[in-house]
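Observations on the model geometry
Listed below, chain by chain, are the residues.
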Amino acid sequence: MAADARAEALRRELAAGREYLGLERIDGPLVFIKRTHPVGYRELVEIVDAEGRGRLGMVLDTSEDMVVAQVFEGTQALTLPGSKARFRGEPLTVGATRRMLGRTFDGLGRPRDGGPAPLADSRSDVNGRPVNPVAREYPRDFIQTGISAIDGMNTLIRGQKLPIFSGNGLPHNELAAQIARQARLRDGGSEFAVVFAAMGVKHDVARFFERSFEESGVLDKVALFLSLADDPSIERIVTPRVALTVAEHLAFDLGMHVLVVMTDMANYCEALREISTARGEIPSRKGFPGYLYSDLAELYERSGMIRGRPGSITQLPILTMPNDDISHPIPDLTGYITEGQIVLDRSMYGRGVYPPVAGLPSLSRLMKDGIGEGMTREDHPRLAAQLFASYSKVKDVRDLAAVIGEDELAPLDRRYLEFGEFFEKRFVTQARDEDRDIERTLELGWEALGLLPADELRRVTEDDIAAHWVEREAEEGA
Amino acid sequence: MEVRGARAIGRVRRVNGPVVEAAGVDDARMLELVRVGEAALVGEVIKLSGDRAIIQVYEDTTGVRPGEPVVGTGMPLSVELGPGLVGTIYDGIQRPLEALRATGGDFIGRGMSAPALDRGKRWHFTPSLAVGADVAPGDILGTVPETARVEHRVLAPPDVSGRLSWMAAEGEYGVEDAVAVVETASGERRVAMMQRWPIRTPRPAGRRLPATVPLVTGQRVVDTLFPLARGGTVAIPGGFGTGKTMTQHAVAKWCDADLIVYVGCGERGNEMTDVLTEFPKLVDPRTGRSLMERTILIANTSNMPVSAREASVYTGAALAEYYRDMGYHVAVMADSTSRWAEALRELSGRMEEMPAEQGFPAYLATRIASFYERAGSMETLGGGEGSVSIIGAVSPPGGDFSEPVTQHTRRFVRAFWALDRQLANARHYPSISWLDSYSEYADEVRPWWEERVGPEWTADRAEMVGLLRKEVRLLQVAKLVGSDALPDSQRFVIEVCSLFKDAFLRQDAFDEVDRYTSPEKQARMLALVLLYWRRGSLAIKKGATFVELRRLKAVRDIVSARYAIAEGDSKAFDRVAARLERAIDDLEGDYGR
Ligand SMILES: Nc1ncnc2c1ncn2[C@@H]1O[C@H](COP(=O)(O)OP(=O)(O)OP(=O)(O)O)[C@@H](O)[C@H]1O
Ligand SMILES: [Mg+2]
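Residues numbered from 1 in each chain as written. Chains lettered and ligands numbered in written order. Predicted model: local features only at pLDDT ≥ 70, side-chain atom pairs only at ≥ 80, totals over all residues. Heavy atoms only, no water.

1. Points about the pattern of salt bridges
By the definition in use, this model includes 110 salt bridges over all chains. In this structure, Arg279(A) and Glu281(A) form a salt bridge, with 3.5 Å as the shortest nitrogen-oxygen distance. The salt bridge involving Glu321(B) is made with Arg374(B); its shortest N-O contact spans 2.9 Å. Here Arg374(B) lies in the loop between α7 (364–372) and β23 (376–379) and Glu321(B) lies in helix α5 (residues 306–325), a separation of 53 residues in the sequence. Neither residue differs from the other here; Glu321(B) and Arg374(B) are each classed as buried. When salt bridges with common partners are traced through the structure, they connect Lys393(A), Asp455(A), Glu456(A), Arg458(A), Glu495(B), Asp502(B), Arg506(B), Arg550(B) and Arg551(B) into a single cluster. (Salt bridge = Lys/Arg side-chain N within 4 Å of Asp/Glu carboxyl O. Helix = DSSP H or I, 4+ residues; strand = E, 2+ residues; numbered from the N terminus. Buried < 20%, exposed > 50% of the residue type's maximum accessible area, 1.4 Å probe, protein only.)

Now the structure itself:
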């Protein structure tokens, strides 16, 4: 065994020393190298340009006569004869340590803040390994975000992967930052950290988050991995993997509760499409590769909790839906993998609702195990179900009002309109720095239901009604 | 199935994700199980051409290099069958995940392996036949208590018949120990408790039997409106978050199958954890035993290798057929068959095959058909009766049912539980649409229902279905003019349907009473809603108003019956019915008769 390991190390060293002068072909982000020694699938490669600058890449296809690699840092200005390829004999790894908190890195995990590279405690393959399903611990701990639309209706659970589906110009960054600032467990703090991965977003977005962390005094608990809009697009494929590898170390080796914010997943998916197109693969929908689902799952499944280990990874990926279309492959496949979604609604935002969390398509799948007696409040599950059910009627009534006019509405229908108004303007709406506790959220929920007659409330019990429901008239101007 | 032993069959030439091309191959067989590279990754030969073999590798191929060896095992990709399956969780190629964790830690690494059936475990074997007996394929040679509720029947393998020349005495044996020896035409065959079976080959059985007994799921919308028969097939299509997994879990928990094979195919890790932590705690209403004692889990989550995902549904089918052959009724859940189809697509793409619709290979339809074909109610080789029912989730992109996987699946299943986004958004669960779903078994299982709950069931069900149809038209009108504009008799139709949805179709998977409803209780609940309908319509004719009827306190009793009335408490139903009748009598009294 020891002899094997020595031989392997030697082989790697020899292989790593070998350099191949000249590329066979360059096609978009891909380079083709002919007649190499046997190169491993997904092995790390460094392409050195004529000026001697190295760029990292990864092997996507390897055979006896040709190796195809994607270059993370772009192929711009590479020449066929002048470039050299060096294979590293192992996949891309990243060194992780607690000392990365408070620091800023580039999309490949190299310091971007001028500081030295921190001494790593552990070095692992950025692709990670799947958690054995039997090793998982089912997440159940309620995180209070202080945001009613989330806590009351789409509760976030520690270890959950809950993306924000948004659109250009909607306040997803504000919402994510507010969640990151306000999130806490009800029974107080254990050590937490934030890992932030930016993929193809603008500088000011990264700066916005940085400032927000700074203002709340947690910047020394945050590790930022930035692959910004002007960085090479293919780098984005690695950035979340680097960030998650560090998150896994913090969570599962060091026992921290890590919140991972990844933005914007749409840019990530587009980089993936770029590679796929360059490889001439048969696309599935909208030009995206057929393996987009599996690829996204490799990222999103790197969250949760592990039995016998104290930490957790909670993921808050942000994605902008092209054309606000939730059936677009990026949000669609994400929704099929994550444990719910917070959907932002443009028309609500237009009506001045912040956070514009769409009432119906938003969902938290882990909510059921984290709310109710002993966690939030006994009536919470039924109250939430009733709010959803009643709010779903509001839309029908609004449609009807648009046809026959509001004045023609039956009294009951009018009450639904009032309920809808209150729900959006008082329950959902809150200030960007308003931190509501769960009791206040539930109270507001009951106040909303007070606008409806009791016989309309079939999702709650009679005891609930006796305990919490007070019939109310709509306030003027509500 | 003969074992030709391990031998080098070639070397790696190219690695492209899970697809590996081997060169210098002259001795490989189609569908042979191989070990690829220095890490000995599990793979399967899926194409042979000249001296090249295309191998689908079931593990992550990171680091595999050209030139590494490929070793053939002489066997097709097979499952191990024998006691110890029930209660175990496997990956898509039947590696036991608990054992992998014990040796390899919390993360799954390359080249990890462990036998599917524990070799060290001793089982108590009791012979069923005596030396000298004639043995035919499928005959029960002996039995083993596998769990407190599953008696494992050790069967003569499908290719073994002759005279029993030796039989083990009652006692403790390991799965590889011989328990019988059969004198066959081609010599002596030693039979152990453990047998192997290639996953892609359906196990032989006798003739197919008609599907006349429902697989009772305890889910009202299913059992009453869109029943599944034992040995039947059903698809559950629905966009993300509409409730496919919850429906599968509910059926896996409460249906009256003897055994459940739950295949998590390309879905979430936490969902498997959910099953693993919840099932052992839940008690089967019929046997009083833990649900885990009848469940086999196959977990190939979305982040696990895609080719093992492709194999996982076959692994599930083979295990299910094995228990069917013992005379059990087995239900297979596959969540989600779309992920399986996508695995096919990905592998096909890597092999550069010509795609048909949306990149799927042209053989998509035949593969889907042959998977569902493995369901059925069968006469077993041993002369008994067993069944495999298949319940497949379908995850159409964008929730659009016109895509290839949903469309092809529809051709091969006989029931369709269509999940509806609007219902899910309104948190009406299970969000099975009463308009788009159907079941071809409804007629076939009708006699069973009539016998079980009474002859009025057929008419009641038909009346309710008729009302739901009527409601669709009325709602269309109401959308334009407001429901106020409808006459009370029509508003009452809408009201009764809305009550039926709240009181009957909706079912809370988390409520301890509501989560399971027996056929008897379903019939009583349906009758209650219809009582309200029939009496209410008469009252309206006599002058009562729709508003008065909906305000009746007794209506709340109907809504709460699903969780307030316990199983078997038929008196409580009598009371609610009597109160309702009295309330309506009073109402009518107000209007004079
Ligand atoms: N019968 C039910 N009772 C209560 N809640 C339900 C029920 N069915 C679904 N839900 C709710 O809907 C959520 C989504 O359901 P589920 O996970 O089954 O969706 P899915 O169709 O499997 O989605 P995906 O395709 O993304 O896996 C659940 O987490 C739960 O909150
Ligand atoms: Mg699901």
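2. A short note on the sheet that holds strand β14 (residues 171–173) of chain B
Residues and elements named next belong to chain B. With antiparallel pairing, the 4 strands of this open sheet are ordered in space as β12-β11-β9-β14. Every interior strand has two partners, whereas the edge strands, β12 (151–155) and β14, have only one. In this sheet, adjacent strand axes meet at a mean angle of 40 degrees when their direction is disregarded. In terms of strand pairing, strand β11 (residues 140–145) meets β12 through 5 bridges, oriented antiparallel. Pairing of Pro145 across the sheet is with Glu151, part of β12. (Pairing = 2+ DSSP bridges. Axes fitted to C-alpha atoms, helices over the stretch in contact; angles between N-to-C directions.)

3. Let's talk about empty space enclosed by the protein
If a probe the size of a water molecule is rolled over the atoms, the empty space left behind becomes visible. Applying the stated criterion across every chain, the model contains 6 cavities of 30 Å³ or more. Each pocket or cavity is described by its volume, and for the largest cavity that value is around 880 Å³. What lines the largest cavity is a set of 45 residues, among which Tyr41(A), Arg42(A), Asp295(A), Glu298(A) and Asp60(B) lie closest to the centre. Breaking the lining of the largest cavity down by element, the ones donating at least two residues are β5 (54–63), α6 (265–278) and α7 (292–300) of chain A together with α5 and α6 (337–350) of chain B. A class-by-class count of the residues in the lining of the largest cavity yields 20 nonpolar, 10 polar and 15 charged. Here the second largest cavity defines a volume of roughly 200 Å³. Per-element tally for the lining of the second largest cavity: the top contributor is α6(B), with 4 residues. (1 Å grid on protein atoms, 1.4 Å probe; cavity = no way out; pocket = protein on both sides within 12 Å on 5 of 7 lines; lining within 4 Å. Points joined across faces, edges and corners; volume = space filled by probe spheres on them. Nonpolar A, V, L, I, M, F, W, Y, C, P; charged D, E, K, R; others polar.)

4. Things to note about the site of ligand 1
Surveying the vicinity of ligand 1 reveals 17 residues, the closest of which are Arg365(A), Lys244(B), Thr245(B), Met246(B) and Arg268(B). Nearby residues around ligand 1 are contributed by chains A and B. Contact between ligand 1 and Gly243(B): an oxygen atom at 2.9 Å from a main-chain N or O atom of the residue. With respect to ligand 1, the backbone of Met246(B) contributes an N or O atom lying 2.6 Å from an oxygen atom. In isolation ligand 1 offers 630 Å² of accessible surface; the protein chains occlude 93% of this area. Broken down by secondary-structure element, the contributors of at least two residues to the shell around ligand 1 are α8 (329–337) of chain A together with α3 (244–254) of chain B. Here the shell around ligand 1 takes 3 residues from α3(B), the largest share from any one element. The class makeup of the residues in the shell around ligand 1 is 6 nonpolar, 7 polar and 4 charged. (Near = heavy atom within 4 Å. Polar contact = N/O pair within 3.5 Å; in protein donor to acceptor, adjacent residues only side chain to side chain. Areas by Shrake-Rupley, 256 points an atom, 1.4 Å probe, with all protein chains shown as cover.)

5. Some words on the domain arrangement of chain B
In many reports, interface size means the accessible area that the parts give up when they come together. According to the domain assignment, chain B contains domain 1 (7–76), domain 2 (123–195), domain 3 (214–442) and domain 4 (452–590). With centres defined by C-alpha atoms, the gap from domain 1 of chain B to domain 4 of chain B works out at 63 Å. (Domains from an automatic or database assignment.)

6. Concerning the sheet that holds strand β15 (residues 184–185) of chain A
Residue and element names in this part refer to chain A. Spatial ordering of the open sheet is given by β13-β12-β15, a layout of 3 strands whose pairing is antiparallel. If you trace the sheet from one side to the other, it starts and ends with β13 (156–157) and β15, each paired once. Pairing of strand β12 (residues 142–144) with β13 involves 2 bridges; the strand directions are antiparallel. By the bridge assignment for β13, Ile143 is matched with Leu156.

7. Structural notes on the domain arrangement of chain A
Residue and element names in this part refer to chain A. Each assigned domain of chain A is listed here: domain 1 (2–91), domain 2 (94–370) and domain 3 (380–468). One C-alpha centre belongs to domain 2, the other to domain 3, and the line joining them spans 31 Å. Taken residue by residue, the interface counts 30 residues in domain 2 and 24 residues in domain 3. The junction of domain 2 with domain 3 conceals about 2200 Å² of combined surface from both sides, 56% of it contributed by carbon and sulfur atoms. For the domain 2 face of the interface with domain 3, the top three residues by lost area are Ser148, Met153 and Tyr354, together amounting to 27%. Counting the contacts that link domain 2 with domain 3 gives 3 salt bridges. With a shortest N-O distance of 2.8 Å, Arg351 and Glu424 are connected by a salt bridge. (Contact = heavy atoms within 4.5 Å. Buried area = accessible area lost by both parts, 1.4 Å probe.)

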